[in-house]
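Chains, contacts and geometry: an overview
The residues making up each chain are set out below.
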Amino acid sequence: MVEAQEVPVGGMLQESFSTEIDSKPRGNETFIPVGEKIYAIGGPDDGVNLSISVRIFDNLTGTCNGRGVPVVLGAKPSPCMDHSATLLNKDRISIVKTDSSPDDKIWFLEVDTPFVREQKKIVGTEVVVWRKDVKADDSKPIVISGPSGVGKGTLISQLMQEFPSTFGFSVSHTTRAPREKEKDGVHYHFTEMSTMEKDIKDGKFLEFASVHGNLYGTSVAAVNAVKDAGKRCILDIDVQGARLVRASPLDAVFIFVCPPSFEELEKRLRGRGTEAEEHIQKRLKNAKAELEEGKSLGLFDYMLENDDLKTCYETLKKILGLNGNIDLPTYPSRLHLDASPIKGGAPRKTGLNMFAIDTFAENLLNIKEPHKPAC
Ligand SMILES: Nc1ncnc2c1ncn2[C@@H]1O[C@H](COP(=O)(O)OP(=O)(O)OP(=O)(O)O)[C@@H](O)[C@H]1O
Ligand SMILES: Nc1nc2c(ncn2[C@@H]2O[C@H](COP(=O)(O)O)[C@@H](O)[C@H]2O)c(=O)[nH]1
């Protein structure tokens, strides 16, 4: 059900605010009540354009903390002369920019989604997230995360082999030493810490994180290279990186791969034979935290258990809408407006879609009375 609660500027709510500075509508500001708060969307009129800023008031007192300006995540819409705003599903506001081109017309401001709630806890203040109209899932970049040794690389290799024209791998940078068969520029851009730190300072990275004692990161250039090749980008990154991408303007599909059991994870990591014992121990320790984080609500769109590889790969293809597909380039993306939010559905998946649910994943997500958790 869609709840439309648009309140025109200059309406009743405006009068109920006690603080004069805060309560005055600025330019074409639209006031949307959401629970105990009012979101004021729109900005000061500079005489030509209006920005789309956000302020938050207390619905009862009409007051706000500080200037009422929340932490804003995601890419912000460009200014427009006029807009309308409607509350959807009690957790996001749709903004229609009346004087904008079709591909810049519809935006969503997440105000109380699980992801927003989680971010609020992290930053300790009000948070909102901008999302542009939803692209078809079948053209979005794919972020794959999961503990070391779970099989992310194996699944990605299979995908790239079967669909070489469809997918392109985002080649990360890392300060770790290359493994025997790894090639610079193919598996990773192997780099020095000082060089990578400088590039991070220069804003060349979409995300980066310290993982198992080394620095790893996705450069903007790596993602653009895949996009420019007309392919759908796959990022194999850890959970910290996934969290950063989730808060970035890159609108991706987030998949978390989990093992059938902790013992099996350990077996795979050892079986791969690429790490010394000390590093295996470190990766296993980190795996426990990553598996916990993986179930963090709102971060991942899909939870995929990699028990039997063939089954898992088929499920991955299903998630990516590939079953029965032929290998074709998918980018530049076929942008389309997903009408689901207007019909009352979520504009992006903030819930968790479960595939290949097995005992381990069930334990992980606590959706059933637990079998003894594997980790
Ligand atoms: N379903 C599976 N069953 C058994 N073995 C598997 C399965 N999937 C992957 N493996 C094996 O497990 C090992 C680890 O896989 P892989 O290197 O793909 O993990 P990864 O998640 O990419 O690890 P990392 O994050 O460290 O790069 C490999 O030897 C691989 O062949
Ligand atoms: N945050 C990022 N994590 C990354 C990136 N590239 C890889 N990774 C993750 O690191 C671990 C270890 O990888 P390994 O190749 O040393 O086994 C694994 O979980 C990867 O997903 C990155 O660019 N950013």
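What this report covers is the structure whose coordinates are included nearby. (Residues numbered from 1 in each chain as written. Chains lettered and ligands numbered in written order. Predicted model: local features only at pLDDT ≥ 70, side-chain atom pairs only at ≥ 80, totals over all residues. Heavy atoms only, no water.)

For the rest of this paragraph, the subject is the side chain of Ser219. Along the polypeptide, Ser219 turns up in strand β14 (residues 214–219). Not counting chain neighbours up to four residues away, the residues in contact with Ser219 comprise His173, Lys204, Phe205 and Leu206. (Helix = DSSP H or I, 4+ residues; strand = E, 2+ residues; numbered from the N terminus. Contact = heavy atoms within 4.5 Å.)

Once that is clear, we can look at a nonpolar patch on the surface. Side chains of Val71, Ile122 and Val123 sit close together on the surface and give an oily, nonpolar patch of about 230 Å² of accessible area. For Val71, the position within the fold is in strand β4 (residues 71–73). (Patch = residues over 30% accessible without salt bridge, like charges linked within 9 Å, V, L, I, M, F, W, Y side chains within 5 Å. Areas by Shrake-Rupley, 256 points an atom, 1.4 Å probe, with all protein chains shown as cover. Salt bridge = Lys/Arg side-chain N within 4 Å of Asp/Glu carboxyl O.)

Across the interface, helix α4 (residues 152–162) lies against helix α10 (residues 309–319) with an axial gap of 10 Å and an inter-helix angle of 60°. If you check the angle between α4 and α10, you find them oblique. The way α4 lies across α10 gives a crossing that is right-handed. Counted together, Thr154, Leu155, Gln158, Leu159 and Glu162 of α4 and Leu309, Cys312, Tyr313, Leu316 and Lys317 of α10 form the full contact between these two elements. (Axes fitted to C-alpha atoms, helices over the stretch in contact; angles between N-to-C directions. Parallel < 35°, antiparallel > 145°, perpendicular 65-115°, else oblique. Left-handed = near helix turned anticlockwise from the far one by under 90°.)

Attention now goes to the sheet that holds strand β12 (residues 189–190). The four strands are arranged β12-β11-β14-β13 in an open sheet whose pairing can be described as mixed. The open sheet has two edge strands with one neighbour each: β12 and β13 (205–211). Summarising the sheet, strand β11 (residues 173–174) and β12 pair through two bridges and their orientation is parallel. Bridging across to β12, Thr174 finds its partner in Phe190. (Pairing = 2+ DSSP bridges.)

Enumeration over the complete set of coordinates arrives at six aromatic pairs. Ring-pair connections join several aromatic residues into one group, and the members of that group are Tyr188, Phe190 and Tyr216. The ring of Phe262 carries the charged tip of Lys288 above its face, separated from the ring centre by 4.8 Å. (Phe/Tyr/Trp six-rings, centres within 6.5 Å; stacked < 30°, edge-to-face > 60°. Lys NZ or Arg CZ within 6 Å of the ring centre and 35° of its normal.)

Going through the model one piece at a time under the given rule, you end up with 25 salt bridges. One salt bridge in this structure joins Glu264 and Arg268, with 2.8 Å as the shortest N-O distance. With a gap of four residues between them, Glu264 and Arg268 both fall in helix α8 (residues 262–272), about one helical turn apart. The shortest N-O distance in the salt bridge between Glu266 and Arg270 comes to 2.9 Å. Residue Glu266 and its partner Arg270 are both found in helix α8; the two are separated by four residues, about one turn of the helix. A residue is classified by how much of its surface remains accessible, and Glu266, at 26% relative accessible area, is partly exposed. Here the salt bridges share partners, and the residues they tie into one network are Arg176, Arg179, Glu182, Arg272, Glu275 and Arg283. (Buried < 20%, exposed > 50% of the residue type's maximum accessible area, 1.4 Å probe, protein only.)

In the vicinity of ligand 2, 19 residues are found, and the nearest of them are Ser172, Arg176, Tyr188, Tyr216 and Asp236. Between ligand 2 and Glu207 there is a distance of 2.7 Å, counted from a nitrogen atom to a side-chain nitrogen or oxygen. Burial of ligand 2 by the protein amounts to 96% of the accessible area it has alone, namely 510 Å². When residues of the shell around ligand 2 are traced back to their parent elements, those giving at least two are β13 and β14. Here the shell around ligand 2 is composed, by residue class, of five nonpolar, six polar and eight charged. (Near = heavy atom within 4 Å. Polar contact = N/O pair within 3.5 Å; in protein donor to acceptor, adjacent residues only side chain to side chain. Nonpolar A, V, L, I, M, F, W, Y, C, P; charged D, E, K, R; others polar.)

Bringing the packing of α8 against helix α9 (residues 277–294) into the picture now. Running from N to C, α8 and α9 cross one another at 145°; their axes reach a closest spacing of 11 Å. The handedness of the crossing between α8 and α9 is right-handed. Contacts from Phe262, Leu265, Glu266, Leu269, Arg270 and Arg272 in α8 reach Glu277, Ile280, Gln281, Arg283, Leu284, Ala287, Lys288 and Leu291 in α9. Considering only residue class, the contact of α8 with α9 consists of seven nonpolar, one polar and six charged.

On to the site of ligand 1, then. Around ligand 1 there are 15 residues in total, and Ser148, Lys152, Gly153, Thr154 and Asn306 lie nearest to it. A distance of 2.8 Å separates an oxygen atom of ligand 1 from a polar atom in the backbone of Gly153. Contact between ligand 1 and Arg272: an oxygen atom at 2.8 Å from a side-chain N or O atom of the residue. Out of a free accessible area of 640 Å², ligand 1 has 74% covered by protein chains. When residues of the shell around ligand 1 are traced back to their parent elements, those giving at least two are α4 and α8. When grouped by side-chain class, the residues that make up the shell around ligand 1 number three nonpolar, six polar and six charged.

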